[in-house]
Amino acid sequence: MMSHRDFRAELKQEEALRAARGMPASARHAVRLRLRGTLQPRARWAIPRWIWVGAFTTAMVALVLGRVLLPREALGGFQLVSASRDLTTRQHAEDLELEKGQATLVDAESGITVRNQGPLVLRHESGGLRIVRGGAELSVTPRPKGSAPAVVRVSDGVIEVLGTHFTVQQWEGGGTVTLHEGSIRFVPARGGAEVRLHPGQSLKWPLPEEPVVPGPMPPINEPPASAPLSHGPRPSRAKPAGEPKTPRLSAEEFLREVDVLRSRKDFEAAARLLEEGLRTQPPAMRELLSFELGSLLTHQLRDPRRACAHWARHERQFVRGRYEAEVSQAQAALDCPRGGREP
Amino acid sequence: MSPGPPEGAVSFEALYDAHADQVFVWAMRYARGRRSWAEDLTHDVFVKAWEHRAWLREEDVRGWLFRVTQNLAFTALRRESTLAGRLQSAVDSLLRPETPSTPEELLARRQTVDSATSALDRLPPQERVVMALCTMDDLSQREIAQLLSLSEGYVSKLLSRARARLLSWGWGVDDVAP
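The following refers to the structure shown. (Residues numbered from 1 in each chain as written. Chains lettered and ligands numbered in written order. Predicted model: local features only at pLDDT ≥ 70, side-chain atom pairs only at ≥ 80, totals over all residues. Heavy atoms only, no water.)

### A look at the overall build of chain B
Moving on, step 1. A tally of regular secondary structure across chain B gives nine helices and one strand.
Moving on, step 2. Starting at the N terminus, the α and β elements of chain B follow one another as α-α-α-α-α-α-α-α-α-β.
Moving on, step 3. Taken over 178 residues, chain B has a buried fraction of 47%.
Moving on, step 4. Here chain B displays about 8900 Å² of accessible surface, and carbon together with sulfur accounts for 53% of that area. (Helix = DSSP H or I, 4+ residues; strand = E, 2+ residues; numbered from the N terminus. Buried < 20%, exposed > 50% of the residue type's maximum accessible area, 1.4 Å probe, protein only. Areas by Shrake-Rupley, 256 points an atom, 1.4 Å probe, with all protein chains shown as cover.)

### Topic: the interface of chain A and chain B
Moving on, step 1. The interface of chain A with chain B comprises 31 residues on the first partner and 43 residues on the second.
Moving on, step 2. Here chain A is connected to chain B by eight salt bridges.
Moving on, step 3. Salt-bridge contacts for Arg32 of chain A lead to Glu13 of chain B; the nearest nitrogen and oxygen are separated by 2.8 Å.
Moving on, step 4. At the junction of chain A and chain B, the tally comes to 20 residue pairs in polar contact (both at pLDDT 80 or more).
Moving on, step 5. Those elements that provide at least two residues to the side of chain A that touches chain B are strand E1 (5-6), helix H1 (7-21) and helix H2 (25-44) of chain A. (Contact = heavy atoms within 4.5 Å. Salt bridge = Lys/Arg side-chain N within 4 Å of Asp/Glu carboxyl O. Polar contact = N/O pair within 3.5 Å; in protein donor to acceptor, adjacent residues only side chain to side chain.)

### Remarks on the environment of Leu179 of chain A
Residue and element names in this part refer to chain A.
Moving on, step 1. Here Leu179 is to be found in strand E12 (residues 174-181).
Moving on, step 2. When its relative accessible area of 1% is taken as the criterion, Leu179 is described as buried.
Moving on, step 3. Separated by 22 residues in the primary sequence, Leu179 and Gln201 place their C-alpha atoms 5.7 Å from one another.
Moving on, step 4. Those residues in contact with Leu179 that lie beyond four places of it in its chain are Thr164, His165, Phe166, Ile184, Leu197, His198, Pro199, Gly200 and Gln201.

### As for the side chain of Arg123 of chain A
All names here are of chain A.
Moving on, step 1. Secondary-structure assignment places Arg123 in strand E7 (residues 112-125).
Moving on, step 2. Accessibility expressed as a relative area gives 2% for Arg123, which makes it buried.
Moving on, step 3. At 2.6 Å, the side chain of Arg123 forms a polar contact with the side chain of Asp95.
Moving on, step 4. Dropping the residues within four chain positions of it, Arg123 is found in contact with Phe78, Glu94, Asp95, Leu129, Arg130, Val132, Asp259 and Arg262.

### Focus: the state of the cysteines
All names here are of chain A.
Moving on, step 1. Tallied over the entire structure, the rule returns one disulfide over all chains.
Moving on, step 2. Between the sulfur atoms of Cys308 and its disulfide mate Cys336 the distance is 2.0 Å. Handedness here is read from the sign of the S-S torsion; for Cys308 and Cys336, about -80 degrees, the answer is left-handed. With Cys308 in helix H7 (residues 304-317) and Cys336 in the segment after helix H8 (324-334), the pair connects residues that are 28 residues apart, well separated along the chain. (Disulfide = S-S within 2.5 Å.)

The structure is reproduced here in structure tokens:
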């Protein structure tokens, strides 16, 4: 009969030998190190789960609020609402040039939304914007009654807007404006009667030579006879008979000269030219020039003393003038002394 | 190593220093000579101990570590016996070949070729664990069943099969206490 080895006894003996040898020092050290690595992070993760949930929720809320509340990307003084992938822009002094692509910009101050139609050069100005060159579709959110109109400046004048949708094309020495909805008023820079446009009408500039007796400027596409073109000339805007008909510089040349100096950042020279213009240009243009000069002193030259003095003179000269609201805003921003006193 | 344990609980460093040897030896029962396998198991046992540190007390810690080691070993061996486990073992052996690192370890391995331990190693994983608990720790079938959360009938079947195998290899195993 085959004899069997005692499995239990021999196994216990071998186990006793293993127990006597114990854990090799290297193994003991290695496991200790691994345990440190494993357990230390666990200690950190022992932060209560509600803290992680709270932190995550806060981060998500901040992200959403940030998208909604934080200012959109700024571009040349405008807020960029949307842009095509191929949009390329350039900044020349104060001018923003949209060279290629499509963009929608908002001028937060005036509430004017601009969508370019091809290449466009525009500039943010106090109380509005200036279309320097190119085509743009513009819209303005309707303003409450009594508030100042938004202002879009072009080479030959100012388009005053009270909530509407229109298109502007500006090229070298001329341009057009087409009104799609609402109502706009074109105020010629060189004086003369304002032209009020109704939906579907267009107006082209430079305007024909002003008649001796002021009257409304005819839009390009003449509306039906029943459609009023404007509210007619205002006596205060009409050119007085005693004024010289041709100043040293024409209104267009004068404004272009101011633009050139501004684009060169030669603001002092621009201010001097505007001051000269206040003496030499037709009276109907002087309110605009005075406003331009005040804006220059306030925003570009940042000279509160001269700016306050100028705004005080402006207020006295143009009581309840066209830029009354903007003038008040500028005075408040500069903390000018009230009551029309010059500092 | 880590933040201090709660009041009244064991110190973790003291726990490791006092019981690492014993846990490692228990793990080596089932390691089939693979030291890294025993190290892995020892690591896992002390991680469990850390997770349950609030309930560990000096007086019962050895028994607790024993139960945890046997259960983790049983689970690990059962996992190894699956196809995925065998593939994982093959990958592990390629990445981490088991070669004795010292002459002493090489000698110890040669000595066990014809030993009771080598016979234990040849048993299927589950039979290996229950037979080790039965022969080395003198646990009854009922105690083994409770320890490993198995039915007594299953433990009895595993022990019978293991005993038959060992008998065929020339090993005699006395009757197991019920």
